[in-house]
Amino acid sequence: MSGLSSGLIDHYLADLQRRLRFDHRLAARARADVEEYLAEALDGADTRAPGPQAALARFGSAADMARLYAEAALPERLRDTLRWLVCLVVATFLFMRLRTMAMGLADGGSAWLALADGAGFGLGALLCGLAWRVGAGPAAQAGRLILWAFVALAASAAANLLRAPLRLAADASAADLALLLASGALQLGLLIFGAVQLQRMGRHLRLLA
Amino acid sequence: MNPEMLKGHLDTILLATLADGPAHGYAVIQAIRQRSDGSLDLPEGTIYPALHRLELAGLLRSDWTSPSEGRRKRVYALTPAGLVALGEHRANWQRFARAVGAFLDGAAPCPA
């Protein structure tokens, strides 16, 4: 293979991977498929063997290929994101209940924070359920519902985490503080992981827009 | 054949091609070309993502073959779910072909 052809293929593969960089596994898969196809298509044993340029032209542009692979992987991406969202709903509920019961958050405290805590969770769970229902339908709609469910759950978690220190300010025990710090750190970790998942989903959807 | 006409039938064609036995991507492309006498000369770029999509949907599975000599290849095979899906696709296609055929044959005139 000439240097020019090799450069053409390298450029094509790099372009394809760059377009799919939001999903490293998908990018690697697309690259492996193109490499396998080119190896077969350029094999001398095939009498119809085209040149690298013709073979790539038959395969389609890197932009078209990235789009086709992204389309193929979108249902899996939405399923993964929805599964993570359900975990977030369950974790938010469990931590909320745990802190409320262990620290007596139900009594007194800021009414606004209590409202944001409860309403945010309810709204988040509702939107998660809706996203699950439309999961197999329009991807952009499911993506928007997932985004708003995440925002609502993040607001609920933030409000609940703020309520605890306010409540404990006067008579905090070491056990309460440990519970607050541990559960807060875990919840924060889940939210950061979720934000990364959402960012990837957004880039995936933007490629298909 | 106009590629637009194949929209919606690509999955059926791929599943039916792999019903004959496991094959790697390029062999699938060639089998489609040969079995259709060149009528279905699809752009290769549409085949690989479609195979990946069917794999993610659980209708195909893929494994790398490691021959003693030569390149490694990803070989696709139908899963039991893929076999069931192929049966459904086949039944749907036969119903559709019968229905359209009834119009094209022109056997029955429109009622007055």
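See the structure above.
Residues numbered from 1 in each chain as written. Chains lettered and ligands numbered in written order. Predicted model: local features only at pLDDT ≥ 70, side-chain atom pairs only at ≥ 80, totals over all residues. Heavy atoms only, no water.

Enquirer: Explain empty space enclosed by the protein here, please?
Expert: Where empty space is left becomes clear once a probe the size of a water molecule has been rolled over the atoms. Residue and element names in this part refer to chain B. Tallied over the full model, the rule gives one cavity of 30 Å³ or more. Taken together, I29, I32, R33, L40, D41, L42 and I47 form the lining of the largest cavity. At three residues, the largest contribution of residues to the lining of the largest cavity is made by helix α3 (residues 25–35). Of the residues that constitute the lining of the largest cavity, the class distribution is five nonpolar, no polar and two charged. (1 Å grid on protein atoms, 1.4 Å probe; cavity = no way out; pocket = protein on both sides within 12 Å on 5 of 7 lines; lining within 4 Å. Points joined across faces, edges and corners; volume = space filled by probe spheres on them. Helix = DSSP H or I, 4+ residues; strand = E, 2+ residues; numbered from the N terminus. Nonpolar A, V, L, I, M, F, W, Y, C, P; charged D, E, K, R; others polar.)

Enquirer: So what exactly am I meant to see when it comes to the nonpolar core here?
Expert: Side chains of a nonpolar character, in soluble globular proteins, are inclined to be buried together. Within the largest apolar cluster, 71 residues are counted, with the highest numbers of intra-cluster contacts made by L20(A), L85(A), L14(B) and I47(B). The biggest single contributor to this core is helix α4 (residues 62–103) of chain A, with 14 residues. The residue makeup of this core includes at least three contributed by each of domain 1 (3–60) and domain 2 (74–208) of chain A. In contact with I47(B), other than residues within four places in its own chain, are L10(B), L14(B), V28(B), I29(B), I32(B) and L42(B). (Core = buried A, V, L, I, M, F, W, Y, C linked by side-chain atoms within 4.5 Å. Buried < 20%, exposed > 50% of the residue type's maximum accessible area, 1.4 Å probe, protein only. Domains from an automatic or database assignment. Contact = heavy atoms within 4.5 Å.)

Enquirer: Please explain the packing of aromatic side chains as it appears in this structure.
Expert: How two aromatic rings sit relative to each other is set out by the distance from centre to centre and by the angle between their planes. According to the stated counting rule, one finds seven aromatic pairs over all chains in the structure shown. Between F59(A) and Y48(B), the aromatic rings sit 5.6 Å apart at their centres with planes inclined by 45 degrees, giving tilted as the arrangement. Taken as a pair, F59(A) in helix α3 (residues 52–59) and Y48(B) in helix α4 (residues 44–56) lie in two separate chains rather than in one. On the basis of an interplanar angle of 35 degrees and a centroid distance of 5.6 Å, the ring pair of F93(A) and F121(A) is categorised as tilted. Of this pair, F93(A) sits in helix α4 while F121(A) is found in helix α5 (residues 111–134), placing the two residues 28 residues apart along the sequence. What makes F121(A) buried here is its relative accessible area of 14%. (Phe/Tyr/Trp six-rings, centres within 6.5 Å; stacked < 30°, edge-to-face > 60°.)

Enquirer: Looking at this model, I keep getting lost on the packing of helix α2 (residues 10–18) of chain B against α4(B). Mind explaining?
Expert: A pair of packed helices is characterised by two quantities: the angle between their axes and the separation of those axes. All names here are of chain B. Close contact between α2 and α4 brings their axes to 10 Å; oriented N to C, the two are set at 80 degrees. With respect to their mutual orientation, α2 and α4 come out roughly perpendicular. For the pair formed by α2 and α4, the contact residues are L10, D11, L14, L15 and L18 on the first element and T46, I47, A50, L51, R53 and L54 on the second. Here the contact of α2 with α4 is composed, by residue class, of eight nonpolar, one polar and two charged. (Axes fitted to C-alpha atoms, helices over the stretch in contact; angles between N-to-C directions. Parallel < 35°, antiparallel > 145°, perpendicular 65-115°, else oblique.)

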